[in-house]
Amino acid sequence: MTVSGTAAPPVLSATRRIAGIGLATAAGVGVAVQSRINGELGVRLADGIAAAVVSFGLGLLVLLVLVPALPGGRRGLAELRGALRSGALRPWQLLGGVCGAFLVATQGLTIGALGVAVFTVAVVAGQSASSLAVDRAGIGPGGRQPVTRSRLAGAVLTVLAVLLAVGDRLGDPGTLVLALLPLLAGLGLAWQQAVNGLVRAASGSALVATGVNFAVGTVALLVAFGVDLAVRGAPGGALPTEPWLYLGGPIGIVFIAVAAAIVRFTGVLLLGLATIAGQVVGAVVLDVVLPTSASHPGPATLAGALLTLVAVLVAALGPAPRR
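Remember, predicted model here, so these are calculated numbers, not experimental data.

Conventions used here
- Residues numbered from 1 in each chain as written.
- Predicted model: local features only at pLDDT ≥ 70, side-chain atom pairs only at ≥ 80, totals over all residues.
- Heavy atoms only, no water.
- Helix = DSSP H or I, 4+ residues; strand = E, 2+ residues; numbered from the N terminus.
- Buried < 20%, exposed > 50% of the residue type's maximum accessible area, 1.4 Å probe, protein only.
- Contact = heavy atoms within 4.5 Å.
- Areas by Shrake-Rupley, 256 points an atom, 1.4 Å probe, with all protein chains shown as cover.
- Patch = residues over 30% accessible without salt bridge, like charges linked within 9 Å, V, L, I, M, F, W, Y side chains within 5 Å.
- Salt bridge = Lys/Arg side-chain N within 4 Å of Asp/Glu carboxyl O.

Peer 1: Teacher, can you tell me more about the overall build of the protein chain here?
Peer 2: Across its full length, the protein chain holds 10 helices and zero strands. Its helices and strands in sequence order give the protein chain the pattern α-α-α-α-α-α-α-α-α-α, from N to C terminus. A buried classification covers 54% of the 323 residues belonging to the protein chain. Taking as baseline every contact in the protein chain between residues at least 6 positions apart, the subset at least 24 positions apart corresponds to 86%. Summed over all atoms, the accessible surface of the protein chain reaches about 13,100 Å², with 73% contributed by carbon and sulfur.

Peer 1: What exactly am I supposed to notice about a nonpolar patch on the surface here?
Peer 2: On the surface, Val281, Val285, Val288, Val289, Leu290 and Leu302 cluster together into a nonpolar patch covering about 510 Å² of accessible area. Looking at the nonpolar patch, the element that brings in the most residues is helix H9 (residues 248–289), giving four residues. Given a relative accessible area of 58%, Val289 falls into the exposed group.

Peer 1: It is not clear to me how the environment of Thr266 should be interpreted in this structure. Could you clarify?
Peer 2: Tracing the backbone through its elements, the reader meets Thr266 in helix H9. Residue class for Thr266 comes out buried when judged on its relative accessible area of 1%. As a C-alpha pair, Thr266 and Ile18 span 248 residues in sequence and 8.6 Å in three-dimensional space.

Peer 1: Hey, could you run me through the environment of Gly267 in this one?
Peer 2: Relative to the elements of secondary structure, Gly267 occurs in helix H9. Exposure remark for Gly267: the relative accessible area of 4% places this residue in the buried category. Linking Gly267 and Gln193, residues 74 residues apart in sequence, is a C-alpha distance of 9.7 Å.

Peer 1: When you look at the pattern of salt bridges in this model, what are you seeing that I'm missing?
Peer 2: If the charged atoms of two oppositely charged side chains come close together, the side chains can form a pair. Counted under the stated rule, the structure contains three salt bridges. Of the charged contacts in the structure, one is a salt bridge between Arg44 and Glu242, with a shortest N-O distance of 3.0 Å. Highlighted residues: Arg44 in helix H1 (residues 14–45) and Glu242 in the loop between helix H8 (206–232) and H9, separated in sequence by 198 residues. One salt-bridge network, held together by shared partners, links Glu40, Arg44 and Glu242.

Here is the structure:
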């Protein structure tokens, strides 16, 4: 059977499923923090793509040191090469980092105008819809997941949540166009999590899967940055001196590694929705406690965030996914 095999072993234990949901939720809080960091870095550099290159590039540098230094990393690289040679893993399944790069780029491009909460809810809508399709197609290491009523209801509720969250901005076409970028990033996020899970299964190492993700994403961002330089010229801002503005890459390492490790226990949709729960809580807290000029969440945004959490519960209380 290949890495993406279609066999359906017994239902996974509830303990592993609950632990996976807890880890995904905690990782989601980290993503909200990463979004604020990369968004602020994009504002400081006056170039969201440049901010994404810095974030992804620093993460890649950490992994270039870490993966070869650890025995598990070296074994994982050897297993990955073997899986590619045998055809158990296809080259296109290594490209999840392209979607991650696009997500990080949208953080730098849009959060300064949208705020973390609206950005996160837009990502949620895209991720929920695509997670259903990815699970149904059996792209991830968990195999095919049925579109049950609870899972479908959870995805629909998240779409309603994004409409509620941006409802007070429907009269601002510029804001709505910006919100399309994180929506598209969310669509790609489910596929990214699925194929990263396949790389983890083939290599036996979540760290190797994370390294592949960052390597591919950095290359994609460098190409985009080269086009950006040719069209717009050099970024208008200087590199900031505050160390916390460079933590986006390390936070991304943790998130990608956790997602690649646990997606086989949760399925793509439940992983995505649990991550979303953490993102929404973290995003709203950040926008309330540390507001920016664009991030003053009103009642509609808070209601949309609450509805997102309800959607996660609806999907999570359904039947356990099969591997």
